[in-house]
Structure formats: structure tokens, C-alpha cells
Amino acid sequence: MSTRIFASYLRQHGVPAQQFDAPEIGVTTTDDFGNADIIYEQTLPAVRAALRQQPGGPRQVQVVTGFLGKAMLSSAITTLGRGGSDLTATLIGAALELKEVQVWKDVDGVLTSDPRMVPNTLPVTELTYDEATELAFFGAQVLHPLAMQPAIRSESMDVRVKNSYNRQAAGTIISKSRDMRCSLVTSLVVKNNVTLVDIVSSRMLGQYGFLANVFEVFRANQVSVDVVATSEVSLSLSLDPKKSWSDGEVGEELNRLVYELEKIASVRVRSNMAILSIICNVQKTSEILMRTFKVLLQEGINVSMMSQGASKVNISLVVDGSEGQRAVKALHKEFFEGPNSCMPLRNGSSNGAAVAAVAATTLAAR
């Protein structure tokens, strides 16, 4: 309904506009109602055919419903879950092979940390696809990680995050690559209420198949894992109860998981932990870790687990949940507020070239 009203409003003010329902223009999904996945192989060519405007033909603003799709098997209307409207915008941009999609929010783009925790946050003008995805996955609220998938598939489309309440702000542009010469730490994110599971067994030593058995237990119990760290005889995993147990029965489900794991190893569970994610240039890992652990030592904060992501842009530290906010404040002061801070180059684009701004308007229909 909102897209029809908005398209009608534009026409009444002399702006040619046409409304489209996403399910009817080919946005095809799985049948997972409430959290459906886009089937890109079918969706991208269908959306491209439905929305591409012919050269020389009449130009009009296309207003498309966000958050919705059509199930491939049942043909029923599905919803895309959290971040579905942003995902629809970037999906349309990728289908139309646009140079840039703009997503308008209520903040000045991506910040160096959560302003609710850190008072002196700074705007981040440039990010790579990998950096934005890691930030979103580990707790940044500006973009959902799924919204980056169409841009990553396109390998050439930029996503610019702008503030609808402060249109003059430069915002954040997210692209495939950027100048990393002056980049040390880009942003700090904390994910709270994390459960840490330590699994220890001497049978891991020199044996194949042990990790497969461990992860089969998680698969059977439908529990997803955030961060993993391994040694010769131990394995540590972090879990997000809000993501793993949607019905709220955390205690019962966790006990069942531990019961199954204890058949093959010794298990220790620690609740109320926090993941501190350092989105950074891991080519400078030695300097980053030296300064990080110096700060944490000064603050008396112990690290229970450390992991470096395969994307090479993220170092994750697990600390006690009561110390997560204090840790991020201290690290933000070290990397962004002191004389040794090093922010990304601010040249207004991701690769030194001007970027053509193309707005993709998506309204959520819920």
C-alpha cells in the first residue's frame, strides 16, 4: 500500500512514476517464510527484464516494494527477514547493473563504533564489501549482512549509506576495494550475550574426523556458530543464543547440546560473554595486536578467546560480558582519539574516481 501511495504522490506532483510489487517482477525466494533467501539465478534476469527502461523511451521513477518475494515452490508471498528492504534495494541495483545504490538511514553512515557506547565516534567514509559484511554480522546496525550479497555478486556496484536527516553528510561508500595505506583499524563492534563453548579431547591429536563429529552435533541441534578457535586438543566456539534459540528456551536447548557433545569430549560452557570485533587491516596485525593487548592489560581485561576471520579484515576477541563496553571504549580511545590514530583517506570515493550517484528507492511493505 505504501508504494502505491508514494507513486501516486509523485505523479500528482508532476513526476512520472510507476509502482511495482517485488513478487510480480521476479523476486524469487526459498519457501522459508519469515526469513526467505533470494534465489539469484532466477531473480536477477527477471528483475532486469521487468525494470530496465529502454533508451529513448519515457523515463519514470520506479517504486518497488521491499521485504517481499515469491516462493519458488509454493508461489506464496514470502518475507525476507531483517534487512529485507535494504536487500531489495541492492538486489535491484545489481539486476540493473547500476554503478551505485544509495541506502538512506537515520545516521551519518557507518561510524567507528556504537555511539550509544562510545561518545566520540567518527564517521567512516569508505569500506570494502568484506569490512561492511563483518561489521554487520558482528552487530553494526546500519546495514544487514545480507544486503551486501548482491553488491558482492556484482563486484562493481557501490553501496552508499546516507542520512535522511542530514543530507549534506558524505555518508559511507562501500565498494570492492579501497586505499588501505593509511588504514589500521576501521571500526570496533561489540556483540553481547554470547555463549562460549570450550571442547577438549585428547582424541583430537593427530586424528581426522573429530571436528566433523563436533559440527555434526551442532547441525543436528540446528545451532549456528559465530567464532571458532582450535588447537591440537581443544576447540572453542561462540554462540549467539538470540540467533540459535528463537523460542527463548536457551537453558533446555543448551543442555541438550552439551549432553551430545559430552559423548565425545569434555565440555565447559560460559554464558554472558561478549565478542569484541576489530575491523582492521590485518596486514598490520602485529601493530594492532600489540596496541590492543597493551590497552587491555592496562584495563585489567582478560581475553578468553581470539580468532582471525578468513576474510582478513576482522580480529575477534571474546571477553567477559561485563567488560565488553569498557574494552571498546578504551580501544576506541587508543586507535581513534589519540596522536597515533590513523583514519582512512577521505577523497570522496572508493577508488579515487568520481562515482555516479544512482538512487534506488525501496519502501518496506509489511
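Right, let's walk through the structure included here. None of these values were measured; they are calculated from a predicted model.

Calculation rules
Residues numbered from 1 in each chain as written. Predicted model: local features only at pLDDT ≥ 70, side-chain atom pairs only at ≥ 80, totals over all residues. Heavy atoms only, no water. Salt bridge = Lys/Arg side-chain N within 4 Å of Asp/Glu carboxyl O. Buried < 20%, exposed > 50% of the residue type's maximum accessible area, 1.4 Å probe, protein only. Pairing = 2+ DSSP bridges. Helix = DSSP H or I, 4+ residues; strand = E, 2+ residues; numbered from the N terminus. Patch = residues over 30% accessible without salt bridge, like charges linked within 9 Å, V, L, I, M, F, W, Y side chains within 5 Å. Areas by Shrake-Rupley, 256 points an atom, 1.4 Å probe, with all protein chains shown as cover. Axes fitted to C-alpha atoms, helices over the stretch in contact; angles between N-to-C directions. Parallel < 35°, antiparallel > 145°, perpendicular 65-115°, else oblique. Contact = heavy atoms within 4.5 Å. Nonpolar A, V, L, I, M, F, W, Y, C, P; charged D, E, K, R; others polar. Core = buried A, V, L, I, M, F, W, Y, C linked by side-chain atoms within 4.5 Å. 1 Å grid on protein atoms, 1.4 Å probe; cavity = no way out; pocket = protein on both sides within 12 Å on 5 of 7 lines; lining within 4 Å. Points joined across faces, edges and corners; volume = space filled by probe spheres on them.

## Remarks on the pattern of salt bridges
Here's step 1: A full pass over the atoms with the stated rule returns 19 salt bridges.
Here's step 2: Arg181 serves as the salt-bridge partner of Asp179, at 2.5 Å between the closest nitrogen and oxygen.
Here's step 3: According to the relative accessible area criterion, Asp179 is partly exposed, its value standing at 26%.
Here's step 4: The exposed category is assigned to Arg181, whose relative accessible area is 65%.
Here's step 5: Close ionic contact of Glu323 with Arg326 constitutes a salt bridge, the shortest N to O distance being 3.6 Å.
Here's step 6: On the basis of relative accessibility, which here comes to 34%, the residue Arg326 falls in the partly exposed class.

## Section: the sheet that holds strand β2 (residues 28-29)
Here's step 1: Across the sheet, which stays open at both edges, the three strands sit in the order β2-β4-β5 with mixed pairing between neighbours. Lying at the two open borders of the sheet, with one neighbouring strand each, are β2 and β5 (77-79).
Here's step 2: Pairing of strand β4 (residues 68-71) with β5, which is carried by three bridges, proceeds in the antiparallel orientation. When the sheet's bridge partners are listed, Gly69 is paired in β5 with Thr78.

## With respect to the pairing of β4
Here's step 1: Both β2 and β4 contribute to a ladder of two bridges, which runs parallel. Bridging from a neighbouring strand, Thr29 pairs with Ala71 of β4.
Here's step 2: From the end of β4 to the start of β5, which pair antiparallel, there are five residues, and Ser75 there has a positive phi angle of about 65°.

## Observations regarding a nonpolar patch on the surface
Here's step 1: Judged by side-chain polarity, Leu211, Phe215 and Val228 come together as a nonpolar surface patch covering roughly 210 Å² of accessible area.
Here's step 2: The topology assignment puts Phe215 in helix α6 (residues 210-220).

## Thoughts on the packing of helix α2 (residues 40-51) against helix α3 (residues 84-95)
Here's step 1: For the pair α2 and α3, the least separation of the axes is 8 Å and the interaxial angle reads 70°. Of the possible angle classes, the one that applies to α2 and α3 is roughly perpendicular. The segment α2 lies against α3, with Tyr40, Thr43, Leu44, Val47, Arg48 and Leu51 engaging Leu87, Leu91, Ile92, Ala94 and Ala95.
Here's step 2: Each residue belonging to the contact of α2 with α3 can be placed in one class, and the counts come to nine nonpolar, one polar and one charged.

## Observations regarding the nonpolar core
Here's step 1: Ranked by size, the top nonpolar core spans 48 residues in total, and within it Leu51, Leu143, Met148, Val159 and Ile174 carry the most contacts.
Here's step 2: Mapped by element, the contributors of at least two residues to this core are α2, α3, β6 (100-105), α4 (129-137), β8 (158-163), β10 (185-200) and β13 (266-280).
Here's step 3: With six residues, the top contributor of residues to this core is α3.
Here's step 4: Judged by nonpolar contacts, the second largest core, of 24 residues, contains Met117, Val190, Val295 and Leu296.

## Overview of the sheet that holds β10
Sheets are built from strands paired through backbone hydrogen bonds, the pairs being either parallel or antiparallel.
Here's step 1: Strand order in this open sheet of six strands is β11-β12-β10-β13-β15-β14, and the pairing throughout is antiparallel. Looking at which strands have only one partner, the edges of the open sheet turn out to be β11 (228-230) and β14 (305-308). Across this sheet, the average inter-strand angle for adjacent strands is 30°, counted without regard to direction.
Here's step 2: Pairing of β10 with β13, which is carried by 12 bridges, proceeds in the antiparallel orientation. Each residue of the ladder has a partner; that of Val190, found in β13, is Leu276.
Here's step 3: On top of the sheet, α4 reaches β10, β13 and β15 (314-320); it is set at about 55° to β10, its chief contact.
Here's step 4: Together, β10, β13, β14 and β15 form the strand contacts of helix α9 (residues 285-299), whose direction differs from that of β15 by roughly 15°.

## Regarding the layout of surface pockets
Here's step 1: In this structure, the largest pocket spans a volume of roughly 1,200 Å³.
Here's step 2: Contributing to the lining of the largest pocket are 34 residues, with Arg82, Ala136, Phe137, Gly139 and Gln141 lying nearest its centre.
Here's step 3: For the lining of the largest pocket, the elements supplying multiple residues, two or more each, are α4, β10 and α7 (241-244).
Here's step 4: Looking at the lining of the largest pocket residue by residue, the class counts come to 15 nonpolar, 10 polar and nine charged.

## Examining the pairing of strand β12 (residues 234-239)
Here's step 1: Here β12 lies mainly inside the structure; five of its six residues are buried.
Here's step 2: Alignment of β10 against β12, held across six bridges, turns out to be antiparallel. The residue of β12 that forms the bridge with Thr195 is Leu239.
Here's step 3: Here β11 runs beside β12; their pairing, made up of three bridges, is antiparallel. Paired with Val228 across the strands is Leu237, a residue of β12.

## Observations regarding empty space enclosed by the protein
Here's step 1: The final tally for this structure, using the stated rule, is one cavity of 30 Å³ or more.
Here's step 2: Here the largest cavity defines a volume of roughly 70 Å³.
Here's step 3: Lining the largest cavity, in full, are Val110, Leu127, Ala132, Leu135, Ala136, Ala140, Val142, Leu143, Val161 and Ile174.
Here's step 4: Element by element, the count of residues in the lining of the largest cavity is highest for α4, at three residues.
Here's step 5: A per-class count over the lining of the largest cavity returns 10 nonpolar, no polar and no charged.

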